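Architecture and fold: a report
Here's the letter readout for the chains.
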Amino acid sequence: MKRFIAIVLLVLSLSSCASTKQKVTLVAHDSFAISDELIAEFEKSSGYELEVVRAGDVGGMTSKLVLTKDSPIADLVYGIDNTFSPVAIKNKVIDGNLTAIDYADVCFNVDLNYFAANNLEIPSHWKELTDPKYKNLTVIENPNTSSPGLAFLAATYAYLTNPQDIPEPIGWWLQLRDNGVKVAASWEDAYYTDFSGSTGKGEYPIVLSYSSSPAYEVDELGKPKTQALLRDCFRQTEYAGLLTNAKNKTGAKAFIEFMLGENFQKALPESMYVYPINSSVKLPKAWEENAKPATSIVGDELDISANRDKWLADFNWVFEVAP
């Protein structure tokens, strides 16, 4: 009888330990993806249970973190990039430093089938999108809420303020507006709903996306159905960071270390269409063929924090959108 009671107490004790396994909560943008296998690997190696909270596009997520910084919705954040990181830092959302996890080049993509069917020349540079022959063909993202939208806004100020390039940024944006550009709220809306070259089969054959996107739009023979315009793109770096007032700081640090590990880094291209920050990680074959990085980068020298409000005010005036 005593032996039976001891066994029961042992089972109850183990059950209690399992049920009280400490949780670490990650808040990320809607494009965050991690496999069940990687989650299981982290949980087994760290002893923590991972919970993922998705909080919209990067702009919306950053705003939520600012509003909830005194009582954060998670222990750490992934996906704040170099366009929105100044907002997080200024508002003291991050405890300590941000850690670079991956990067991607924000470039326009075109639907090759549309251009071939309409015998239309593919633009060689994004500044040509104001040409009447591309009227009503382009969709971009709102820079108030979308990180690629803000990245491209910064790129226009970096490129078009060069003296030999006329018009100035506001003049170019006015021309783009008058040429029928659509402004979507997020990258997901622009790419998966509006872009004709994706699964959404939308009405716009030109979309603001990433240099890596064509690797995932191939036909049955492996040939790309889309193409990125690789000149003068903006390089977007995504970070992870411990949130101020986080409940589980040790677990948060453990997951950041896990994201820098080889297995997580190796999964990034196929799970989130981004380049691993670890340059020693071998890229998938499809990336080597169809996901070339940009041939030239603009905007990396800009002080985004100092200019962000003015750039957004310019954009909001041109497109009559609210901040």
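So, here is what we can say about the structure in this document. Just so you know, these numbers come straight off a predicted model, no measurement behind them.

We now examine the state of the cysteines. Applying the stated criterion to the full structure yields one disulfide. Residue Cys-107 pairs covalently with Cys-233 via a disulfide, S to S 2.2 Å. Sign of the S-S torsion, about 125 degrees for the bond between Cys-107 and Cys-233, identifies this disulfide as right-handed. In this pair, Cys-107 sits in strand E4 (residues 99-111) while Cys-233 sits in the loop between strand E8 (226-228) and strand E9 (234-242), placing the two residues 126 residues apart along the sequence. For Cys-233, a relative accessible area of 2% puts it in the buried group.

This part covers the pattern of salt bridges. Under the counting rule described, the total for this entry stands at eight salt bridges. For the salt bridge of Glu-51 with Lys-23, the shortest nitrogen-to-oxygen distance reads 3.7 Å. One end of the pair, Glu-51, is in strand E2 (residues 49-54); the other, Lys-23, is in strand E1 (residues 23-28), and 28 residues separate them in sequence. Given a relative accessible area of 32%, Glu-51 falls into the partly exposed group.

Looking now at the packing of aromatic side chains. Scanning the entire structure with this criterion turns up 28 aromatic pairs. A centroid spacing of 5.7 Å and a plane angle of 70 degrees characterise the contact between Phe-152 and Trp-173, whose relative ring orientation is edge-to-face. Placement of the pair is Phe-152 in helix H6 (residues 147-160) and Trp-173 in helix H7 (residues 169-178), with a sequence separation of 21 residues. Overall, the relative accessible area of 4% leaves Phe-152 in the buried class. An angle of 85 degrees between the planes, with centres 5.9 Å apart, marks the rings of Trp-173 and Phe-319 as edge-to-face. With Trp-173 in helix H7 and Phe-319 in helix H12 (residues 304-319), this residue pair connects regions lying 146 residues apart in the sequence. Among the aromatic residues, those joined into a cluster by ring pairs are Phe-108, Trp-126, Phe-152, Tyr-159, Trp-172, Trp-173, Phe-315 and Phe-319.

Parameters at a glance
Residues numbered from 1 in each chain as written. Predicted model: local features only at pLDDT ≥ 70, side-chain atom pairs only at ≥ 80, totals over all residues. Heavy atoms only, no water. Disulfide = S-S within 2.5 Å. Helix = DSSP H or I, 4+ residues; strand = E, 2+ residues; numbered from the N terminus. Buried < 20%, exposed > 50% of the residue type's maximum accessible area, 1.4 Å probe, protein only. Salt bridge = Lys/Arg side-chain N within 4 Å of Asp/Glu carboxyl O. Phe/Tyr/Trp six-rings, centres within 6.5 Å; stacked < 30°, edge-to-face > 60°.

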